[in-house]
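Residues per chain are reported as follows:
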Amino acid sequence: MYTMDQAERLAAEALRQKFGEWSDQVALFGNGEFATEKGDFFYFGFQSVKYIETRDDKYFSYGPNCISVHSQTGECRFLDIHEVLAVEPFKTD
């Protein structure tokens, strides 16, 4: 079973693999508010580095921008908008 810290490292590595030479353009986002565990998955939000640094909306990357890490296998998946809306990984009650 993976811990939140281990899952975060896996998610960051998945971002680097998916975005390749653009990996310095996106990063995991937030100070815990976009890192959650629900059921068998950890969820992490990601955003453009420029937006994270400046908070200038012109750099905001729209879309689901969410990656899940299975807590048992470590498998990483980028969620589509339908999954994000169904799971609402960052919604707090």
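Residues numbered from 1 in each chain as written. Predicted model: local features only at pLDDT ≥ 70, side-chain atom pairs only at ≥ 80, totals over all residues. Heavy atoms only, no water.

### Focus on the nonpolar core
Thought 1: Counting 7 residues, the largest nonpolar core consists of Ala7, Ala11, Ala14, Phe42, Phe44, Ile67 and Val69.
Thought 2: When residues of this core are traced back to their parent elements, those giving at least two are helix 1 (4-19), strand 3 (41-48) and strand 4 (66-70).
Thought 3: With 3 residues, the single largest contributor to this core is helix 1.
Thought 4: The residues touching Ala7, leaving out its near neighbours within four places in the chain, are Phe42, Phe44 and Val69. (Core = buried A, V, L, I, M, F, W, Y, C linked by side-chain atoms within 4.5 Å. Buried < 20%, exposed > 50% of the residue type's maximum accessible area, 1.4 Å probe, protein only. Helix = DSSP H or I, 4+ residues; strand = E, 2+ residues; numbered from the N terminus. Contact = heavy atoms within 4.5 Å.)

### A look at the environment of Asn65
Thought 1: Here Asn65 lies in the loop between helix 2 (49-54) and strand 4.
Thought 2: In the structure, Asn65 is positioned 14 residues away from Tyr51 in sequence and 13 Å away in space, judged by C-alpha atoms.
Thought 3: Those residues in contact with Asn65 that lie beyond four places of it in its chain are Phe44, Gly45, Phe46 and Gln47.

### What about the packing of aromatic side chains?
Thought 1: If you walk through the whole model with that rule in mind, you get 9 aromatic pairs.
Thought 2: With a centroid separation of 6.4 Å and 85 degrees between ring planes, the pair formed by Phe19 and Phe78 is classed as edge-to-face. Taken together, the residues span a long stretch of sequence, with Phe19 in helix 1 and Phe78 in strand 5 (residues 76-78) at a distance of 59 residues.
Thought 3: Accessibility expressed as a relative area gives 25% for Phe19, which makes it partly exposed.
Thought 4: Here the aromatic rings of Phe46 and Phe78 are separated by 5.7 Å at their centres, their planes lie at 90 degrees, and the arrangement is edge-to-face. (Phe/Tyr/Trp six-rings, centres within 6.5 Å; stacked < 30°, edge-to-face > 60°.)

### Examining the pairing of strand 3
Thought 1: By the criterion of burial, strand 3 is predominantly enclosed, with 7 of the 8 residues buried.
Thought 2: Bridging between strand 1 (residues 26-28) and strand 3 involves 3 bridges; their strand directions are antiparallel. Counterpart to Val26 in the pairing with strand 3 is Ser48.
Thought 3: Examined bridge by bridge, strand 2 (residues 35-38) and strand 3 share 4 bridges and lie antiparallel to one another. Bridge pairing in strand 3 links Ala35 to Phe44.
Thought 4: Hairpin remark: strand 2 followed by strand 3, antiparallel, with 2 residues in the connecting loop; positive phi at Gly39, about 60 degrees.
Thought 5: Sheet topology note: the strand 3/strand 4 ladder contains 5 bridges and is antiparallel. Residue pairing for strand 4: Phe42 is matched across the bridge by Val69. (Pairing = 2+ DSSP bridges.)

### What to know about the pattern of salt bridges
Thought 1: A complete count under the given rule lists 3 salt bridges for this structure.
Thought 2: Among the ionic pairs, Glu83 bridges to Arg77, the shortest N-O distance being 2.5 Å.
Thought 3: Residue Glu83 is classed as partly exposed on the basis of its relative accessible area of 23%. (Salt bridge = Lys/Arg side-chain N within 4 Å of Asp/Glu carboxyl O.)

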